[in-house]
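# What the coordinates show
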Amino acid sequence: MVKFNSEALENAVSRRGFIRIAVGGAFLLMAEGIGSAADARFELKPLPYSDSSLQPVISGNTLNFHYGKHHKTYIENTNKLISGTRYADMSLEEIVIATANDSENISLFNNAAQVWNHNFYWKSLSPKGGGDPPSALRAKMEEAFGSVEACKNELADKAVSQFGSGYAWLVVDGGKLKAVNTSNADNPLTKGSKPLLTLDVWEHAYYLDYQNRRADHVKAVLDKIINWNFAAENLERA
Ligand code: FE
């Protein structure tokens, strides 16, 4: 089985197309401007941890469905929707921003934003998460919310109070940290703020494990698997 780093490959690949080469039963995508393989423009990136490593906060069963079914389907839909269009050569972030609030591209926005959101969500979690944030992030949290605990409470409130499907986010907006929520596939990129981390509060993120107890899921995520290091890295680049 040939494995490759899809992110590195994505960066290396010409935007003009791909050649598919079958190697040992797998397809290796190579950069070249021959053929049409827009159906493989975006790929399911490997999770940064094993399926079971977020247990008991998130079960392997939930992760398998969430990543292997929901996220995968958003990618497949995005690839189909951009094929042969002016979006086919854009980066994922460019597609999300270009189609936000565009009534003619609602389905593409929803699917592309969900790909972006889930790529970001997996990195927002870690088997070694929770605990104390790195000092630079902690200082910004204290400045904006008064304390780390108050920041977590605000994030939890945004996550629990999001009506229906959506996300809670820690963002940088105007140089200051804020906790916000967004509905369905929407995300902070469309509002010009810089996301640091996210919590997915679509029911598919927790219902197999917590049923209607979203607040319990959110608390467990924030206490035990939230990836403050990822947020700190994003803060450095903000
Ligand atoms: Fe999700």
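Residues numbered from 1 in each chain as written. Predicted model: local features only at pLDDT ≥ 70, side-chain atom pairs only at ≥ 80, totals over all residues. Heavy atoms only, no water.

## Some points on the overall build of the protein chain
- Check the secondary structure of the protein chain and you find nine helices and five strands.
- In the protein chain, the succession of helices and strands from N to C terminus is α-β-β-α-α-α-α-α-β-β-β-α-α-α.
- By the burial criterion, 46% of the 238 residues in the protein chain qualify as buried.
- Accessible area for the protein chain stands at about 11,800 Å²; split by element, carbon and sulfur atoms hold 50% of it. (Helix = DSSP H or I, 4+ residues; strand = E, 2+ residues; numbered from the N terminus. Buried < 20%, exposed > 50% of the residue type's maximum accessible area, 1.4 Å probe, protein only. Areas by Shrake-Rupley, 256 points an atom, 1.4 Å probe, with all protein chains shown as cover.)

## Some remarks on the coordination of the iron ion
- Taken together, His-66 (NE2), His-118 (NE2), Asp-200 (OD) and His-204 (NE2) make up the protein donors of the iron ion, found 1.9 to 2.1 Å from the metal.
- Each of the four donor atoms bound to the iron ion contributes to angles spanning 91 to 130°, and the resulting shape is tetrahedral.
- Binding-site remark: the iron ion is held by donors from one chain whose sequence spacing is H-x51-H-x81-D-x3-H. A residue pair is termed long-range when its members are at least 10 positions apart, and His-66 in helix H2 (residues 60–82) and His-118 in helix H4 (residues 106–123) qualify at 52 residues. (Donors = N, O, S within 2.8 Å, 3.2 Å for Na, K, Ca; no water. Tetrahedral: all angles 85-135°; square planar, octahedral: opposite > 155°, others 65-115°.)

## Here we look at the sheet that holds strand S4 (residues 176–183)
- Spatially, the three strands line up as an open sheet ordered S4-S3-S5, and their pairing is antiparallel. Among the strands making up the open sheet, the edge pair consists of S4 and strand S5 (194–200). On average, each strand axis in the sheet is tilted by 25° relative to the strand beside it, whichever way the strands run.
- The sheet contact formed by strand S3 (residues 166–173) and S5 spans six bridges and is antiparallel. What sits directly across from Leu-170, in S5, is Leu-197. (Pairing = 2+ DSSP bridges. Axes fitted to C-alpha atoms, helices over the stretch in contact; angles between N-to-C directions.)

## Re the packing of aromatic side chains
- If you walk through the whole model with that rule in mind, you get eight aromatic pairs.
- Ring centres 6.0 Å apart and planes at 80° place the aromatic pair Tyr-67 and Trp-122 in the edge-to-face group. Separated by 55 residues along the polypeptide, Tyr-67 in helix H2 and Trp-122 in helix H4 bring together distant segments of the chain. Each member of the pair Tyr-67 and Trp-122 is classed as buried.
- Between the aromatic rings of Tyr-206 and Tyr-207, the centroid separation amounts to 6.2 Å while the plane-to-plane angle is 45°, which identifies the pairing as tilted.
- Of the residues examined, Tyr-206 reaches a relative accessible area of 3% and is grouped as buried. (Phe/Tyr/Trp six-rings, centres within 6.5 Å; stacked < 30°, edge-to-face > 60°.)

## With respect to the environment of Glu-143
- Its location among the elements puts Glu-143 in helix H5 (residues 135–145).
- Through-space distance from the C-alpha of Glu-143 to that of Leu-177 is 8.3 Å; in sequence the pair is 34 residues apart.

## Some points on the packing of H5 against helix H9 (residues 228–237)
- Packing of H5 against H9 brings their axes to within 9 Å, and their N-to-C directions diverge by 80°. In terms of their interaxial angle, H5 and H9 are classed as roughly perpendicular. Contacts from Ala-136, Leu-137, Lys-140 and Met-141 in H5 reach Trp-228, Ala-231, Ala-232 and Leu-235 in H9.
- Among the residues making up the contact of H5 with H9, the classes are represented as seven nonpolar, no polar and one charged. (Parallel < 35°, antiparallel > 145°, perpendicular 65-115°, else oblique. Contact = heavy atoms within 4.5 Å. Nonpolar A, V, L, I, M, F, W, Y, C, P; charged D, E, K, R; others polar.)

## Things to note about helix H8 (residues 214–225)
- With 12 residues, H8 extends 16 Å from end C-alpha to end C-alpha; this agrees with the ideal 16 Å at 1.5 Å per step.
- By the burial criterion, the buried members of H8 are Arg-214, His-217, Val-218, Ala-220, Val-221, Leu-222 and Ile-225.
- Looking at the packing, one finds that the buried side of H8 touches helix H6 (148–161), S5 and helix H7 (207–210). (Expected span 1.5 Å × (residues − 1).)

## Quick word on the pattern of salt bridges
- A full pass over the atoms with the stated rule returns nine salt bridges.
- The closest approach of N and O atoms between Arg-138 and Asp-132, which form a salt bridge, is 3.4 Å.
- In this structure, Lys-152 and Asp-223 form a salt bridge, with 3.0 Å as the shortest nitrogen-oxygen distance. Taken together, the residues Lys-152 in helix H6 and Asp-223 in helix H8 connect sequence positions 71 residues apart.
- Note on Asp-223: relative accessible area 30%, which makes it partly exposed.
- Linked through salt bridges whose partners overlap, the residues forming this network are Asp-132, Arg-138 and Glu-142. (Salt bridge = Lys/Arg side-chain N within 4 Å of Asp/Glu carboxyl O.)

## Observations concerning unusual backbone geometry
- That bond from Gln-55 to Pro-56 is cis: its omega, 5°, falls within 30 degrees of zero.
- Secondary-structure assignment places Pro-56 in the loop between strand S2 (26–31) and H2.
- A positive phi is found at Asn-101, a non-glycine position, where the angle reads about 65°.
- Relative to the elements of secondary structure, Asn-101 occurs in the loop between helix H3 (92–99) and H4.
- Classification of Asn-101 by relative accessible area gives exposed; the value is 81%.
- Even without being glycine, Asn-184 reaches a positive phi, approximately 50°.
- Overall, Asn-184 belongs to the partly exposed group, its relative accessible area being 42%.

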